[in-house]
Amino acid sequence: MSRHLTELESILQQLLEEYRRLLVLLDTQQKAMTKFDVKGMADEAGLQETSRQRVNVLEKRRRAALTSLARELRAPEPLTLKRIAALLPPRAPALLALRADLQAVISAVETRATVSGRLAGAVLGHLNTAFRLFSGAVGKAGLYTRSGIPRVAGRIGVIEAIG
């Protein structure tokens, strides 16, 4: 077995571990979002960014290993894991299993990131609406009691709440 193939398998294992770590971080951030834990969300976002940077470094190493392996096998580029498995039948089960695991984890990360993005959008929308209502209420002149306390209406209608 060649050194380049061993290196490629090692890089794929590292990528799989990193994507699993990213999946856990996304779950933790989503839990912090549902609790409105701003510090937790910020901490998780920072950890996710470092994880994404590690994924980028591993991706560059993977591409370099694939290029080296393609030269060694004298196969035309781009060389995919399916083609490597076809060219090297003894390593095919391990490579295809790694490929399937990576596809499953990447799909899960993509789904969780989409859900987190939508949740963040909804939270920001609610905060924007609340801030607009608050600033609208503060910006308008109102009636005050003799002691200087603002007089609050007994019932706020829909028009006043939107206004």
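Report on the accompanying structure. Numbering of residues begins from 1 in every chain and follows the order in which that chain's sequence is written. Since the coordinates come from a predicted model, pLDDT governs what is reported: local features require at least 70, and pairs of side-chain atoms require 80 or more to be given and counted, while whole-chain, interface and lining totals use all residues. The side-chain quantities take in all heavy atoms of the structure and omit both hydrogens and water.

1. Overview of helix α1 (residues 3-34)
In step 1: Helix and strand assignments follow DSSP, with helices taken as H or I runs no shorter than four residues and strands as E runs no shorter than two, numbered in order from the N terminus. A helix is expected to span 1.5 Å for every residue after the first. With 32 residues, α1 should cover 46 Å at 1.5 Å per step; its first-to-last C-alpha distance of 47 Å lies within 8% of that length.
In step 2: A positive phi of about 55° marks Phe-36, the residue just after α1.

2. Structural notes on the nonpolar core
Side chains of nonpolar character tend, in soluble globular proteins, to be buried together.
In step 1: Within the largest apolar cluster, 25 residues are counted, with the highest numbers of intra-cluster contacts made by Leu-8, Leu-12, Leu-15, Tyr-19, Ile-84 and Val-109.
In step 2: Residue assignment for this core shows that the elements contributing at least two residues are α1, α2 (38-73), α3 (81-87) and α4 (92-139).
In step 3: Examining the composition of this core, we find that 10 residues originate from one element, α1, more than from any other.
In step 4: Here, two residues are considered to be in contact whenever any of their heavy atoms come within 4.5 Å of each other. Setting aside residues no more than four positions away along its own chain, Ile-84 makes contact with Leu-5, Leu-8, Leu-66, Leu-69, Leu-79 and Leu-95. Think of a nonpolar core as a cluster: buried Ala, Val, Leu, Ile, Met, Phe, Trp, Tyr and Cys residues, connected wherever their side-chain atoms sit within 4.5 Å. Only protein chains enter the accessibility calculation, which uses a 1.4 Å probe; a residue is then buried when its area is under 20% of its type maximum, exposed when over 50%, and partly exposed in between.

3. Focus on the layout of surface pockets
In step 1: Note on definitions: the grid is 1 Å and covers protein atoms alone; a cavity is a set of points where a 1.4 Å probe fits but cannot get out; a pocket is an open set with protein on both sides within 12 Å along at least five of seven lines; lining residues have an atom within 4 Å of a point. Grid points are joined across faces, edges and corners, and a volume is the space filled by probe spheres set on the points. Quantified by volume, the second largest pocket comes out at close to 230 Å³.
In step 2: Leu-12, Arg-62, Leu-81, Arg-99 and Leu-102 are, among the 14 residues lining the second largest pocket, the residues nearest its centre.
In step 3: Elements with a contribution of two residues or more to the lining of the second largest pocket: α1, α2 and α4.
In step 4: Across the lining of the second largest pocket, the residue classes break down as 9 nonpolar, 2 polar and 3 charged. The classification used treats Ala, Val, Leu, Ile, Met, Phe, Trp, Tyr, Cys and Pro as nonpolar, Asp, Glu, Lys and Arg as charged, and all other residues, Gly among them, as polar.

4. Describing the environment of Ala-65
In step 1: Residue position: Ala-65 is located in helix α2.
In step 2: By relative accessible area, Ala-65 is classed as buried at 1%.
In step 3: Sequence spacing of Ala-65 and Thr-6 is 59 residues, and the spatial spacing of their C-alpha atoms is 9.5 Å.
In step 4: Once you skip the residues sitting within four places of it in the chain, Ala-65 turns out to touch Glu-7, Leu-8 and Ile-11.

5. Some details on the pattern of salt bridges
Opposite charge on two side chains makes pairing possible when the charged atoms of those side chains draw close.
In step 1: The salt bridge definition used is simple: a Lys or Arg side-chain nitrogen within 4 Å of an Asp or Glu carboxyl oxygen. Taken as a whole and assessed by the stated rule, the structure comprises 8 salt bridges.
In step 2: Between Arg-112 and Asp-27 there is a salt bridge, with the nearest N and O atoms lying 3.2 Å from each other. Of the two residues, Arg-112 sits in helix α4 while Asp-27 sits in helix α1, which places them 85 residues apart along the sequence.
In step 3: Owing to a relative accessible area of 30%, Arg-112 belongs among the partly exposed residues under this scheme.
In step 4: Judged by its relative accessible area of 26%, Asp-27 is partly exposed.
In step 5: Notably, a salt bridge pairs Lys-39 with Asp-43, separated by 3.0 Å at the nearest N-O pair. Separated by 4 residues within a single helix, Lys-39 and Asp-43 lie in helix α2, roughly one turn from each other.
In step 6: Of the residues examined, Lys-39 reaches a relative accessible area of 58% and is grouped as exposed.
In step 7: Judged by relative accessible area, Asp-43 falls into the partly exposed class, the value being 39%.
In step 8: It is possible to trace a salt-bridge network through shared partners that takes in Glu-18, Arg-21 and Arg-54.

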